[in-house]
Amino acid sequence: MLSKIKNIIEIELLNKVFDYLETSTKLDWEDGVKTTRGYLKELKKNNQLNLNLESNAEVVKLVKPIISSLINSKKLRNRFIFNIPIDIKHINIVRYKKGDIYPYHCDSIGNSLKAEDYVNIVFTIPINDNYEGGEFSVIDFTNDSKTSSEKVKQGDILIVRPWTLHQVSKITKGTRYAIIARGLIPCPEDKMPLFGLIYHASKSIEKIKDRDLRIKLKNYINGIYTFATKEYANKL
């Protein structure tokens, strides 16, 4: 599932981050390959900023108001989570220069996120849009392998489930910056067994060696996850 909400983040806040990223010589950019595995190590090309490092403390100050405006946005609450509190985890900034790409992949939800107790979503917040290429695409195997693509404008956000097969296409001109943030929506106790079952099924699928089968099964699980999340939200 790929969702977009328009005009949710103030352009001024994003421009402050963009200007700092473009001019600062103190930032410790890491090779994006460090956070991937398998065949993607040979294909993924981007850089990322670890916001937990002391050397990146200044940019953290600029990102905090953006995250705050996101989680307090009425547009976001009305679209997905109503009045449920949302917790943002694992924030980082990614950079794609000309020629960089992140081929189709699924994100890992990770044991640390207590997936049995939470609904997981991933936010992509574009810091700038003055580049070419870099479209965000997803493939939905639960809907005849339908592909959806978006070139996100500054101020908009994209939301996907972590198991959704997605990619960032090759940058052909300029540099693409984006904030990636994991959102956790608390799951009520009577729904925990369902989301726990989905979580453990996804972890078992990761052990399958056949890559094509693994991807298809992950996206079937994603379809169940999306349905369960909608049912959960509709009953609030």
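Residues numbered from 1 in each chain as written. Predicted model: local features only at pLDDT ≥ 70, side-chain atom pairs only at ≥ 80, totals over all residues. Heavy atoms only, no water.

A. Structural context of the overall build of the protein chain. If you tally the helices and strands in the protein chain, you get five helices and 13 strands. Looking at the protein chain as a whole, 50% of its 236 residues qualify as buried. Within the protein chain, residue pairs in contact and separated by at least 24 positions form 82% of the contacts whose partners lie at least 6 positions apart. Carbon and sulfur atoms make up 50% of the accessible area of the protein chain, which amounts to about 12000 Å² in all. (Helix = DSSP H or I, 4+ residues; strand = E, 2+ residues; numbered from the N terminus. Buried < 20%, exposed > 50% of the residue type's maximum accessible area, 1.4 Å probe, protein only. Contact = heavy atoms within 4.5 Å. Areas by Shrake-Rupley, 256 points an atom, 1.4 Å probe, with all protein chains shown as cover.)

B. Broad picture of the environment of isoleucine 171. Inspection of the secondary structure assignment puts isoleucine 171 in strand β12 (residues 171-173). Since its relative accessible area comes to 1%, isoleucine 171 is described here as buried. In contact with isoleucine 171, other than residues within four places in its own chain, are Tyr96, Lys97, Lys98, Gly99, Asp100, Tyr131, Glu132, Gly133, Gly134 and Arg176.

C. How the structure looks around the nonpolar core. Counting 31 residues, the largest nonpolar core has Leu21, Val59, Leu70, Ile93, Phe123, Ile125 and Ile157 as its most contacted members. Put simply, the parts of the chain that give this core at least two residues each are α1 (11-23), α2 (57-71), β4 (87-96), β6 (118-126), β10 (157-160) and β13 (176-186). Non-local contacts of valine 59, meaning those with residues more than four positions away in its chain, are made with Val17, Tyr20, Leu21, Leu27, Leu49, Leu51 and Ile93. Counting 15 residues, the second largest nonpolar core, distinct from the first, contains Val94, Tyr102, Leu158 and Val160. (Core = buried A, V, L, I, M, F, W, Y, C linked by side-chain atoms within 4.5 Å.)

D. Structural view of the pattern of salt bridges. Within this structure, the stated rule accounts for two salt bridges. Among the salt bridges present, the one from lysine 61 reaches glutamate 58, with a minimum N-O distance of 3.3 Å. Residue lysine 61 and its partner glutamate 58 are both found in helix α2; the two are separated by three residues, about one turn of the helix. Overall, the relative accessible area of 54% leaves lysine 61 in the exposed class. (Salt bridge = Lys/Arg side-chain N within 4 Å of Asp/Glu carboxyl O.)

E. Up close: the packing of α1 against α2. Packing of α1 against α2 brings their axes to within 9 Å, and their N-to-C directions diverge by 160°. Looking at the two axes, α1 sits roughly antiparallel to α2. Note on packing geometry: the crossing formed by α1 with α2 is left-handed. Contacts from Leu13, Leu14, Lys16, Val17, Tyr20 and Leu21 of α1 reach α2 at Glu58, Val59, Leu62, Val63, Pro65, Ile66 and Ser69. Residues belonging to the contact of α1 with α2 are distributed by class as follows: 10 nonpolar, one polar and two charged. (Axes fitted to C-alpha atoms, helices over the stretch in contact; angles between N-to-C directions. Parallel < 35°, antiparallel > 145°, perpendicular 65-115°, else oblique. Left-handed = near helix turned anticlockwise from the far one by under 90°. Nonpolar A, V, L, I, M, F, W, Y, C, P; charged D, E, K, R; others polar.)

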